[in-house]
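Structural characterization, general
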Amino acid sequence: MYRFFEQLSSRIAAPFMGERSRNSKVWHCRCGQSLFFRNSQCLACSAALGYQPQQSRLSSLQPGPQADTWLLDADPDAGVFRRCANLDSPAACNWLLPANDHDALCIACSLNRTIPDLSIPENHERWRKVETAKRRLVGQLISLGLPVIPKSMGEDIGLAFDFIGIDLEGKSPTTGHANGLITLDIKEADDAHREQVRVQMHEPYRTLLGHFRHEVGHYYWDRLVANSHWLEPFRGLFGDERESYAEALERHYQQGAPLDWQQHYVSAYATMHPWEDWAETWAHYLHMMDAVDTALGFGMSAREMDFDYQPFPPSTLFDPQHPGGPAFLSFVNAWIELAGMLNELSRSMGQPDFYPFVLPPAVIAKLHFIHLVIQQEGGRADEVLAQ
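Residues numbered from 1 in each chain as written. Predicted model: local features only at pLDDT ≥ 70, side-chain atom pairs only at ≥ 80, totals over all residues. Heavy atoms only, no water.

Quick word on the overall build of the protein
Looking only at helices and strands, one finds 10 helices and 13 strands in the protein. Looking at the protein as a whole, 51% of its 387 residues qualify as buried. In the protein, the proportion of contacts linking residues at least 24 apart, taken out of those at least 6 apart, comes to 61%. Accessible area for the protein stands at about 18100 Å²; split by element, carbon and sulfur atoms hold 51% of it. (Helix = DSSP H or I, 4+ residues; strand = E, 2+ residues; numbered from the N terminus. Buried < 20%, exposed > 50% of the residue type's maximum accessible area, 1.4 Å probe, protein only. Contact = heavy atoms within 4.5 Å. Areas by Shrake-Rupley, 256 points an atom, 1.4 Å probe, with all protein chains shown as cover.)

Structure below.
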């Protein structure tokens, strides 16, 4: 039995996080006001704010040497920056890019291939919500050291987004991934529509950020696992991806998930095909990383709350002998306790569980596999957790 966060600074913050998380979600303006990831202006002193993705930090800004250029109060020597051209659009982007960059858009906005039709009034708010979620995704990918390459810079290896609605024939788009292109039905930004689909699909959880984390998992499978030394270990853990996807899809929607799926998978949808198992588990890995990191950034504590959870032992890991295994287990066990606390908070407000999932040992092995893949590719999966 653990006391959540009572010893978190020594169990996780020491081996993983250090004094302050690199991927923190709370910063401070030059006036001392707390700042948050999506802020573009300080509510206390009206200072202009900007997010520098390469350093994962939000800073108040001082005018730079040329018009429309800016210096960071957090690090005046970091260079001269411009604010993203989408700042004053419905996307309301608060990101920065180097002043000498030839692009007008930041790295997150440059991933857009198609934006919603803004002649439709409802799409203004929809696009804002979509971009808010996408920036959170891209910021996390960069902080993990994963390659974020727009398709405009490499069609075969790049990433792009289409945010579209009903076509001329009245057909709604299908949210999904194909060769680095992530398509999202813009109506997913409507809470009522998304909830209706969630109920129809019998999903416990459906969010814009969840969509993005799942679909980008497919992209990184292509980049990091296919044609790599990870492919055979992947097949041993997730299954053989050469199985017909079309047949697996038809079988899943006709027969549903196996009765014992909760012993082996993170969700019912993950049972459909090894690619979906990977993407679902990848999304949960990103959920867990971001939530624990944010909790630490806010100094959350539940010192008087005991949770009767048995911690996962090293034998549950994909590689029990890996030197980073104990630290990864500390992170996972802390997540279990954090989710338990947040579920109780949600119930106290009459809301659905914050995290309506159970992680069996088989999923812990898959999460560890994903962690090792990211760690090798980016070199910063452990670094992010070590800040």
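Focus on the packing of helix 5 (residues 231-238) against helix 9 (residues 361-378)
In the contact formed by helix 5 and helix 9, the axes pass within 10 Å of each other and the chain directions differ by 165°. Considering the angle they form, helix 5 stands roughly antiparallel to helix 9. Crossing hand, helix 5 versus helix 9: left-handed. Each of Pro-233, Phe-234, Leu-237 and Phe-238 in helix 5 lies in contact with helix 9, whose residues at this interface are Ala-365, Lys-366, Phe-369 and Ile-370. (Axes fitted to C-alpha atoms, helices over the stretch in contact; angles between N-to-C directions. Parallel < 35°, antiparallel > 145°, perpendicular 65-115°, else oblique. Left-handed = near helix turned anticlockwise from the far one by under 90°.)

Notes on the nonpolar core
Ranked by internal contacts, the top residues of the largest apolar core, which has 81 residues, are Trp-278 and Trp-282. The residues contacting Trp-282, other than those within four sequence positions of it, are Leu-146, Arg-213, Val-216, Gly-217, Tyr-220, Leu-224, Ile-370 and Ile-374. Residues Ala-48, Leu-61, Trp-70 and Leu-96 belong to the second largest nonpolar core, which totals six residues. (Core = buried A, V, L, I, M, F, W, Y, C linked by side-chain atoms within 4.5 Å.)

Focus on the confidence of the model for the protein
When pLDDT is averaged across the protein, the result is 89; 89% of the residues are at 70 or more. pLDDT under 50 marks residues 1-22. Its contacts with residues more than four places away, or in other chains, come to 83 contacts. (pLDDT = per-residue confidence, 0-100.)

Digging into helix 2 (residues 122-143)
Counted at 1.5 Å a residue, the expected span for helix 2 with its 22 residues is 32 Å, and the 32 Å between its end C-alpha atoms agrees. With 16 of 22 residues buried, helix 2 lies mostly within the body of the structure. Two residues or fewer past helix 2, Gly-145 is found with a positive phi of approximately 80°. (Expected span 1.5 Å × (residues − 1).)

Quick word on the packing of aromatic side chains
Tallied over the full model, the rule gives 23 aromatic pairs. Here a set of aromatic residues connected by ring pairs shows up, and it is made of Tyr-219, Tyr-220, Trp-221, Trp-230, Phe-234, Phe-238, Tyr-245, Trp-275, Trp-278, Trp-282, Phe-318 and Phe-369. Across from the ring centre of Trp-70, 5.7 Å away, lies the NZ or CZ of Arg-83, which sits over that ring. Its end group placed over the ring of Phe-37, Arg-136 keeps NZ or CZ at 5.7 Å from the ring centre. (Phe/Tyr/Trp six-rings, centres within 6.5 Å; stacked < 30°, edge-to-face > 60°. Lys NZ or Arg CZ within 6 Å of the ring centre and 35° of its normal.)

Details of the sheet that holds strand 11 (residues 176-178)
Reading across the sheet, the four strands line up as 9-10-12-11 and stay open at both edges, with mixed pairing between neighbours. The sheet is open, and its two edges are formed by strand 9 (112-114) and strand 11, each paired on a single side. Looking at each pair of strands side by side, their axes are set apart by 25° on average, direction ignored. Examined bridge by bridge, strand 9 and strand 10 (residues 160-164) share two bridges and lie parallel to one another. Bridging from a neighbouring strand, Thr-114 pairs with Asp-162 of strand 10. Contacts from helix 2 reach strand 9, strand 10 and strand 12 (181-185) within the one sheet, and its direction differs from that of strand 10 by about 160°. (Pairing = 2+ DSSP bridges.)

Description of a nonpolar patch on the surface
On the surface, Met-201, Leu-249 and Tyr-253 cluster together into a nonpolar patch covering about 270 Å² of accessible area. Looking at where Tyr-253 falls in the secondary structure, it is placed in helix 6 (residues 245-255). In this structure Tyr-253 comes out as partly exposed when scored by relative accessible area, which is 47%. (Patch = residues over 30% accessible without salt bridge, like charges linked within 9 Å, V, L, I, M, F, W, Y side chains within 5 Å. Salt bridge = Lys/Arg side-chain N within 4 Å of Asp/Glu carboxyl O.)

Focus on the pattern of salt bridges
When the charged atoms of two side chains with opposite charge come close together, those side chains can pair. Inspection of every chain in the model, using the stated rule, returns 22 salt bridges. Salt bridges linked by common partners bring Glu-232, Arg-235, Asp-240, Glu-241 and Arg-242 together as one network.

Quick look at the pairing of strand 10
When a strand is regular, its side chains alternate between the sheet's two faces. Counted residue by residue, strand 10 has four buried out of five residues, so it is predominantly covered. For the handedness criterion, the β-α-β arrangement of strand 9, helix 2 and strand 10 is classed as left-handed. Where strand 10 and strand 12 come together, five bridges link them in parallel fashion. Looking at strand 12, one finds that Phe-163 is bridged to Leu-184. (Right-handed = clockwise from strand over helix to strand, strands pointing away.)

Examining the pairing of strand 5 (residues 57-63)
Burial analysis of strand 5 places five of its seven residues in the buried class, the great majority of the element. Bridge analysis of strand 4 (residues 49-52) against strand 5 gives four bridges, and the strand direction is antiparallel. Across the sheet, residue Tyr-51 finds its bridge partner in strand 5, namely Leu-58. Taking the residues that link successive antiparallel strands as the turn, the strand 4-strand 5 hairpin has four residues, and the phi of Ser-56 there is positive, at about 50°. Where strand 5 lies against strand 6 (residues 70-72), three bridges are found, and the strand directions are antiparallel.

Observations concerning unusual backbone geometry
At Ser-46, a position not held by glycine, the phi torsion is positive, near 65°. Secondary-structure assignment places Ser-46 in the loop between strand 3 (34-36) and strand 4. The phi torsion at Asn-179 lies on the positive side, around 55°, for a residue other than glycine. Exposure remark for Asn-179: the relative accessible area of 65% places this residue in the exposed category.

Quick word on the packing of helix 7 (residues 274-297) against helix 9
Running from N to C, helix 7 and helix 9 point in directions that differ by 75°, and their axes come no closer than 9 Å. Relative to helix 9, helix 7 is oriented roughly perpendicular. Contact with helix 7, carried on its side by Asp-277, Trp-278, Thr-281, Trp-282, His-284, Tyr-285 and Met-288, involves Lys-366, Leu-367, Phe-369, Ile-370, His-371, Val-373 and Ile-374 of helix 9 and no other residues of that element. Residues belonging to the contact of helix 7 with helix 9 are distributed by class as follows: nine nonpolar, three polar and two charged. (Nonpolar A, V, L, I, M, F, W, Y, C, P; charged D, E, K, R; others polar.)

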